[in-house]
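Take a look at the letters that make up each chain.
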Amino acid sequence: MSTRSATVDNAGWDVDVSNEQGLAAARAGWSNGGQSHTGSIDPDLDRLTRALGWFSIGLGVAQIVAPQRMAQIVGFAEDDTNVPLFRAVGVREIASGVGILTQSNPSSWLWARVGGDAMDLALLTKAMGTDHADRGRIAAATAAVVGVTAIDALAGMRHSRDLNGSTSLDERPAPSEPRVASAITVNAPIAEVFAAWNGFRDLPRFMTDFATVEVRNDRQSHWEATLPAGMSFGWDVTITESKANERIVWTSDEGSGIEASGEVRFNRAPGDRGTEIMFDARFNPPGGEIGNKIAGLFSDPLGVKVNNDLRHAKQLIELGEIVKSDDTMVKGPNPARPIGDMRVT
Amino acid sequence: MKATCFMGRNSVKVEEVPDPKILNASDVIVKVSSTAICGSDLHLVDGYIPTMMRGDILGHEFMGEVVEAGSKVKTLKSGDRVVVPFDIACGVCGPCQNEAYSLCENSNPNAWMAASMWGHAGAGAFGYSHLTGGYAGGQAEYVRVPFADVGPLKVPDGMTDEQVLFLGDIFPTGYMGAEMCDIKPGDVIAVWGCGPVGQFAIASAYLLGAERVIAIDRFPYRLKMAREKAGAETINYEEMDVLDTLKEMTGGRGPDACIDAVGMEAHGHGPMWIYDRAMQAARVETDRGTALRESIMACRNGGTVSIIGVYGGFMDKFPIGSIMNRSLTIKSGQCHVQRYMHPLLERIQNGEIDPTFVITHTLPLDDAPHGYDIFKNKLEECEKVILKPN
Ligand SMILES: NC(=O)c1ccc[n+]([C@@H]2O[C@H](COP(=O)([O-])OP(=O)(O)OC[C@H]3O[C@@H](n4cnc5c(N)ncnc54)[C@H](O)[C@@H]3O)[C@@H](O)[C@H]2O)c1
Ligand SMILES: [Zn+2]
Ligand SMILES: [Zn+2]
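Residues numbered from 1 in each chain as written. Chains lettered and ligands numbered in written order. Predicted model: local features only at pLDDT ≥ 70, side-chain atom pairs only at ≥ 80, totals over all residues. Heavy atoms only, no water.

### What about the overall build of chain A?
- Across its full length, chain A carries 10 helices and seven strands.
- In chain A, which comprises 345 residues, the share counted as buried stands at 53%.
- Contacts spanning at least 24 positions in sequence make up 61% of the contacts within chain A whose residues lie at least 6 apart.
- By element, 54% of the accessible surface of chain A is carried by carbon and sulfur atoms, the whole surface being about 15200 Å². (Helix = DSSP H or I, 4+ residues; strand = E, 2+ residues; numbered from the N terminus. Buried < 20%, exposed > 50% of the residue type's maximum accessible area, 1.4 Å probe, protein only. Contact = heavy atoms within 4.5 Å. Areas by Shrake-Rupley, 256 points an atom, 1.4 Å probe, with all protein chains shown as cover.)

### Digging into the packing of helix H6 (residues 196-207) of chain B against helix H7 (residues 220-228) of chain B
Residue and element names in this part refer to chain B.
- Between H6 and H7, the shortest axis-to-axis distance is 10 Å and the interhelical angle comes to 20°. Between H6 and H7, the interaxial angle falls into the category roughly parallel. In this structure, the crossing between H6 and H7 has a hand that is right-handed. Contact residues: H6 offers Pro196, Gln199 and Ile202, while H7 offers Arg222, Met225 and Ala226.
- By residue class, the composition of the contact of H6 with H7 is four nonpolar, one polar and one charged. (Axes fitted to C-alpha atoms, helices over the stretch in contact; angles between N-to-C directions. Parallel < 35°, antiparallel > 145°, perpendicular 65-115°, else oblique. Left-handed = near helix turned anticlockwise from the far one by under 90°. Nonpolar A, V, L, I, M, F, W, Y, C, P; charged D, E, K, R; others polar.)

### Considerations on the domain arrangement of chain B
All names here are of chain B.
- Assigned domains within chain B: domain 1 (2-168 + 335-388) and domain 2 (171-332).
- Counting from both sides, the interface comprises 34 residues of domain 1 and, opposite them, 31 residues of domain 2.
- Across the domain 1 to domain 2 interface the summed buried area is about 2900 Å²; carbon plus sulfur atoms make up 67%.
- Interface area lost by domain 1 to domain 2 is led by Tyr48, Phe357 and Glu383, which between them contribute 26%.
- Taken together, domain 1 and domain 2 are joined by one salt bridge. (Domains from an automatic or database assignment. Buried area = accessible area lost by both parts, 1.4 Å probe. Salt bridge = Lys/Arg side-chain N within 4 Å of Asp/Glu carboxyl O.)

### Focus on the coordination of the zinc ion (ligand 2)
All names here are of chain B.
- In the first shell of the zinc ion (ligand 2), the protein supplies Cys38 (SG), His60 (NE2) and Asp169 (OD), at 1.9 to 2.2 Å from the metal.
- Sequence spacing among the residues donating to the zinc ion (ligand 2) works out to C-x21-H-x108-D. Of this pair, cysteine 38 sits in the loop between strand S3 (28-36) and helix H1 (39-45) while aspartate 169 is found in the loop between helix H4 (161-164) and helix H5 (170-179), placing the two residues 131 residues apart along the sequence. By the burial criterion, cysteine 38 is buried, and aspartate 169 matches it. (Donors = N, O, S within 2.8 Å, 3.2 Å for Na, K, Ca; no water.)

### What to know about the pairing of strand S5 (residues 81-84) of chain B
All names here are of chain B.
- Bridging between strand S4 (residues 61-69) and S5 involves four bridges; their strand directions are antiparallel. Considered in S5, the bridge of phenylalanine 62 is made with valine 84.
- The pairing of S5 with strand S9 (residues 153-154) spans two bridges and is antiparallel. Bridge pairing in S9 places valine 82 opposite lysine 154. (Pairing = 2+ DSSP bridges.)

### What to know about the site of ligand 1
Residues and elements named next belong to chain B.
- In the neighbourhood of ligand 1, 32 residues make up the surrounding shell, with Ser40, His43, Asp217, His267 and Cys335 lying closest.
- The backbone of valine 310 places a nitrogen or oxygen atom 3.0 Å from an oxygen atom of ligand 1.
- Here glycine 333 contributes a backbone N or O atom positioned 3.1 Å from a nitrogen atom of ligand 1.
- Relative to its free-state accessible area of 870 Å², ligand 1 is covered by the protein chains to the extent of 96%.
- Of all elements in the fold, only H1, H6 and strand S11 (212-217) reach the threshold of two or more residues within the shell around ligand 1.
- In terms of residues, the shell around ligand 1 owes the most to one element, H1, which gives four residues.
- For the shell around ligand 1, the residue count by class is 17 nonpolar, 11 polar and four charged.
- In this structure, the shell around ligand 1 is formed jointly by two domains, domain 1 (2-168 + 335-388) and domain 2 (171-332), each of which donates at least three residues. (Near = heavy atom within 4 Å. Polar contact = N/O pair within 3.5 Å; in protein donor to acceptor, adjacent residues only side chain to side chain.)

### Some details on the nonpolar core
- Counting residues in hydrophobic clusters, the biggest one holds 80 residues, and the most contacted among them are Phe166, Leu167 and Ile189 of chain B.
- Counting the residues that make up this core, at least three belong to each of domain 1 (2-168 + 335-388) and domain 2 (171-332) of chain B.
- The residues contacting isoleucine 189 of chain B, other than those within four sequence positions of it, are Cys181, Ile183, Ala205, Ala210, Arg212, Val213, Ile214, Ala257 and Ile259 of chain B.
- The next biggest cluster of nonpolar side chains, apart from the first, holds 37 residues, and it includes Leu203, Ile239, Ala260 and Val264 of chain A. (Core = buried A, V, L, I, M, F, W, Y, C linked by side-chain atoms within 4.5 Å.)

### Quick look at the packing of aromatic side chains
- Under the defined criterion, the tally for this structure stands at 17 aromatic pairs over all chains.
- Cluster of aromatic residues (ring-pair linked, three or more members): Phe210, Trp223, Trp235, Trp250, Phe279 and Phe283 of chain A. (Phe/Tyr/Trp six-rings, centres within 6.5 Å; stacked < 30°, edge-to-face > 60°.)

### Focus on the coordination of the zinc ion (ligand 3)
- Looking at the metal site, the zinc ion (ligand 3) is ligated by Cys90 of chain B (SG), Cys93 of chain B (SG), Cys96 of chain B (SG) and Cys104 of chain B (SG), spaced 2.3 to 2.4 Å from it.
- Around the zinc ion (ligand 3) sit four donor atoms; with metal-centred angles ranging over 103 to 117°, the donor geometry is tetrahedral. (Tetrahedral: all angles 85-135°; square planar, octahedral: opposite > 155°, others 65-115°.)

### Section: the pattern of salt bridges
- The final tally for this structure, using the stated rule, is 26 salt bridges over all chains.
- With its nearest N and O atoms 2.6 Å apart, the salt bridge here joins aspartate 27 of chain B to arginine 144 of chain B. A residue pair is termed long-range when its members are at least 10 positions apart, and aspartate 27 of chain B in the loop between strand S2 (12-16) and S3 and arginine 144 of chain B in strand S8 (residues 142-145) qualify at 117 residues.
- The salt bridge partner of lysine 384 of chain B is glutamate 61 of chain B, with a shortest N-O separation of 2.7 Å. Separated by 323 residues along the polypeptide, lysine 384 of chain B in the loop between helix H13 (368-376) and strand S17 (385-388) and glutamate 61 of chain B in strand S4 bring together distant segments of the chain.
- Taking the relative accessible area as the measure of exposure, lysine 384 of chain B reaches 0% and is therefore buried.
- With relative accessibility at 0%, the residue glutamate 61 of chain B sits in the buried group.
- When salt bridges with common partners are traced through the structure, they connect Arg179, Arg247, Glu263, Arg265 and Asp280 of chain A into a single cluster.

### Topic: the packing of H5 of chain B against H6 of chain B
Residues and elements named next belong to chain B.
- The N-to-C vectors of H5 and H6 enclose an angle of 50°; their axes lie 7 Å apart at closest approach. In terms of axis orientation, H5 runs oblique to H6. Here H5 runs over H6; the crossing is right-handed. Residues Ile170, Phe171, Thr173, Gly174, Tyr175 and Ala178 of H5 pack against Pro196, Val197, Phe200, Ala201, Ser204, Ala205 and Leu207 of H6.
- Looking at the contact of H5 with H6, its residues break down into 10 nonpolar, three polar and no charged.

### Observations regarding the confidence of the model for chain B
- The predicted model of chain B averages 96 in pLDDT, with 99% of residues at 70 or higher.
- Taken over the whole predicted complex, pTM reads 0.80, whereas the ipTM for its chain interfaces reads 0.93. (pLDDT = per-residue confidence, 0-100.)

### Quick notes on unusual backbone geometry
All names here are of chain B.
- Not every positive phi belongs to a glycine, and threonine 51 is a case in point at roughly 70°.
- With respect to the element layout, threonine 51 can be found in the loop between H1 and S4.
- For threonine 51, a relative accessible area of 16% corresponds to the buried category.
- Even without glycine at this site, glutamate 99 takes up a positive phi of about 65°.

Here it is as structure tokens:
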């Protein structure tokens, strides 16, 4: 799994930290509470900022006090085993809300909100991607959070600019091109693993979560990835380099909707551990920086999808078939019990 | 068919559900003759393991007769009588080849879910939440068993269900708990929890050469079983201070190894206990640490703490300083059941142990909700419930 998804995976720990920081920030805010914002901040922006602060606190309180209800609203399965997740998100939400309202320079807390949105989006899209919950509702919730994210990103940028006394965006670290990456180890010789990828012939068999792949010939294929909220984007791929048992490099064709490039690398795993596959792709969505930022939010859940497909590839190579459970037999939320005569999807 | 289903927190029902089918070529369908309720099922039903869904079929300790086999199954055929390990393992991935079956990399189709909670995913398991794959469990009339050539153990003629049923979970689990203690001559082993898993940990510690085993619980009838059937000395933690008593019993050294056979719903006393209850009830921590913390504090310098009680996520106030400053070793895991089935079957056949000693109740499958009630609430001196579907 990519390092980026690792950040989201460790959300439980992040929450504790931000909570502590939130309280510390709250205390700091209160102790110099008399200090006012610098005059350069326009009142509209200030109002927007405060609204976001209260939005955070309201959302956080709802997530802590009524996590089940919140889970239902956004379409997760209703069992209260999902409650810890929502409480954790709630604690983080309040921390950033308090931070925004009490900091004399709320800019860093606005960025924390962007981070928070990213975490929510990651959770939502993870739930979406695997059809465990009500897609419609999750899609709606995602749209709402994406909306908030855009405002957050905007407010965050404008604040940084105001306080820097500069209009240049270059002074912040530029958000990198969204990357989707994942790795897996297959207990098989490198030649066998490479063969399963070469010419993309077997790809449609295991690339099912991240994208549907239509193979045109040995070098060309068309990929179609589905984003949360029902969006999808496709691109034509040409293999530009294929080195036996080492790497397959590809790039999107000119004018194929989205600029993308990537490679699949193969390494002999140390010891007798078989072969490591590394899937590494970059996407350059339209829409400039905000486009990048929002697309960046999707790269974690997409990374999870790629990882699922790498697992499928591993199963096909090691076992000859993809492992099924009662859970995976039907799309959408369904309990661990035989599906009977229901249509298999 | 009839199956025991999770219907929400603290709610279990026997429902009519569709019969299972072969889904992969290496599957068999087993007609269940005996199945049991495990302490792990309590964690699921009490709502402490995330990703349970209303309608999930419970149960991971079961055995029965093969009634259908997939096209790739080589070693089993209809009519074979088998005990099935609770963990699902493919037999060919790296961990499986190293006999670390509960770490199988291929058997959990929901690996992404487990990885988002634990960093990496473990194997699939029957009837054990969607984190471990979303497989229907075995407290039912029929169950689908994947990787039939890897897991199931054929039962030798002449052995009863009761003699072999626990080879699918609690006997290997208790045994692995003892094996992780790396027992040397003269070693004193302490076991927290006198549930069925604790009883097998005690018995196994003796099988592996422990000098003395000290068992800790609060229910007199369970302590009595530990003394009379498994041969332990016992401490009732409601009557005595565990840490002081263990020091007195071991010349001040502390036990050479400690086994936690309690898990995430440990009970306790004092402010820490109230704190844990509150944190867990609010779902801020998933795991109550009373037993684990105590087993760490009790262990002698340089000793081993072996954790077989199940933990789900995060625990507060974990005494890492005691571990680090006193060179403790922590070992843990879901049991690699397949590794132990044959050797432990031999021990049963040799008469070294009779696993039936833990059974206190045998009920029809229809009475599963009652079985859960008496096992969870320690009513009717319940130690282990077996359910009979037919
Ligand atoms: N690692 C594995 O593969 C595996 C397999 C099976 C079961 N388990 C786990 O083993 C644990 C025990 O299972 P079981 O079937 O025996 O369950 P159980 O509920 O019957 O037994 C738990 C026992 O611990 C006692 N206990 C509670 N708090 C205690 C404390 N502070 N100190 C000492 N004792 C305390 C209880 O009174 C009870 O007797 C569970 O957590 C279960 O999930 C693990
Ligand atoms: Zn069990
Ligand atoms: Zn395996």
